[in-house]
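Fold and contact review
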Amino acid sequence: MTLRDALRLVLRASGGAVYALLLHGLLRGGEGRPDPVGTAALLVPALVSTGLLLVFAATLRAGREPMIARVAQAMELEPIPPPLLGWLRTVTVAWCGFFAANALVSASLALFAPLSWWTLWNGALAYGAVAFLLLAEYVARKI
């Protein structure tokens, strides 16, 4: 299986799961949860993560510069060395995995968990995970 095939599989699985969770949340309405509009509002972080997944994944096509390489180049004064570009492509794949996982966690919490759990994840822990990934990539690139 190529990287492209694996990425397509992740996109299909995560996108389909988010849409299924969204539909489920909108149809169930009550059951101690907010109304369908409130549930849809809780799904916004999942939809944002799905959008970011699609944007990052689109940069992994052949002949395109990976998103993390673009970010790294914006932070550096000198051009990124070619050997580092392959690694930055792998980091972009890791970000795609993070966004897929975050979309699924956010949607699941919006639909099935108490509001306090959703708030903890989307208001603090997800941002901590993003900060950790950014810092880890930066430190690894400098090493």
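Computed from a prediction, not measured in an experiment: that's the story for all the values here.

Here we take up the side chain of Glu 137. When you line up the elements, Glu 137 lands in helix H6 (residues 115-142). Dropping the residues within four chain positions of it, Glu 137 is found in contact with Ile 68, Trp 87, Leu 88 and Val 91.

Under the definition given, this model contains five aromatic pairs. Ring geometry for Trp 95 and Phe 98: centres 5.7 Å apart, planes at 85°, overall edge-to-face. A residue pair is termed a helical-turn pair when its members lie 3 or 4 positions apart in one helix, as Trp 95 and Phe 98 do in helix H5 (residues 82-112) at three residues. On the basis of relative accessible area, Phe 98 is assigned to the buried category, the value being 14%.

Moving on, we get to the pattern of salt bridges. All told, the structure shown has one salt bridge when counted by the stated rule. Lys 142 serves as the salt-bridge partner of Glu 76, at 2.8 Å between the closest nitrogen and oxygen. Placement of the pair is Glu 76 in the loop between helix H4 (67-75) and H5 and Lys 142 in helix H6, with a sequence separation of 66 residues.

Interaxial distance between helix H3 (residues 44-58) and H5 falls to 8 Å at its minimum, and their mutual angle equals 160°. The orientation of H3 with respect to H5, classified from their angle, is roughly antiparallel. Viewed along their axes, H3 and H5 form a crossing whose handedness is left-handed. Residues Pro 45, Ala 46, Ser 49, Thr 50, Leu 52, Leu 53, Phe 56 and Ala 57 of H3 form the contact with H5, whose own contacting residues are Thr 92, Trp 95, Cys 96, Phe 99, Ala 100, Asn 102, Ala 103, Ser 106 and Ala 107. For the contact of H3 with H5, the residue count by class is 12 nonpolar, five polar and no charged.

Cut-offs used in this document
Numbering of residues starts from 1 in every chain and runs along the sequence as written. Under the rules for a predicted model, residues below a pLDDT of 70 receive no local features and side-chain atom pairs below 80 are neither given nor counted, while totals for whole chains, interfaces and linings still include all residues. Water and hydrogen atoms were dropped before computing side-chain values, which therefore reflect all heavy atoms in the structure. Going along the chain from the N terminus, every DSSP run of H or I of four or more residues is numbered as a helix, and every run of E of two or more is numbered as a strand. By definition in these notes, contact holds between two residues if any of their heavy atoms fall within 4.5 Å. A pair of aromatic rings is counted whenever rings of Phe, Tyr or Trp (Trp by its six-membered ring) have centres within 6.5 Å, and the orientation is called stacked for planes under 30 degrees apart, edge-to-face for over 60 and tilted otherwise. Accessibility here uses a 1.4 Å probe with only protein chains present; expressed as a share of the type maximum, an area under 20% marks a residue as buried, one over 50% as exposed, and anything in between as partly exposed. We define a salt bridge as a contact between a side-chain nitrogen of Lys or Arg and a carboxyl oxygen of Asp or Glu at a distance within 4 Å. To get an axis, a line is fitted to the C-alpha atoms, and for a helix only the part in contact is used. The angle between two axes follows their N-to-C directions and goes from 0 to 180 degrees. Reported orientations rely on four angle classes, namely roughly parallel under 35 degrees, roughly antiparallel over 145, roughly perpendicular from 65 to 115, and oblique for the rest. Two helices cross in a left-handed way if the nearer one is turned anticlockwise from the farther one by less than a right angle. They cross in a right-handed way if the turn is clockwise. Note that Gly is not counted as nonpolar here; it falls among the polar residues with everything else outside the nonpolar set of Ala, Val, Leu, Ile, Met, Phe, Trp, Tyr, Cys and Pro and the charged set of Asp, Glu, Lys and Arg.

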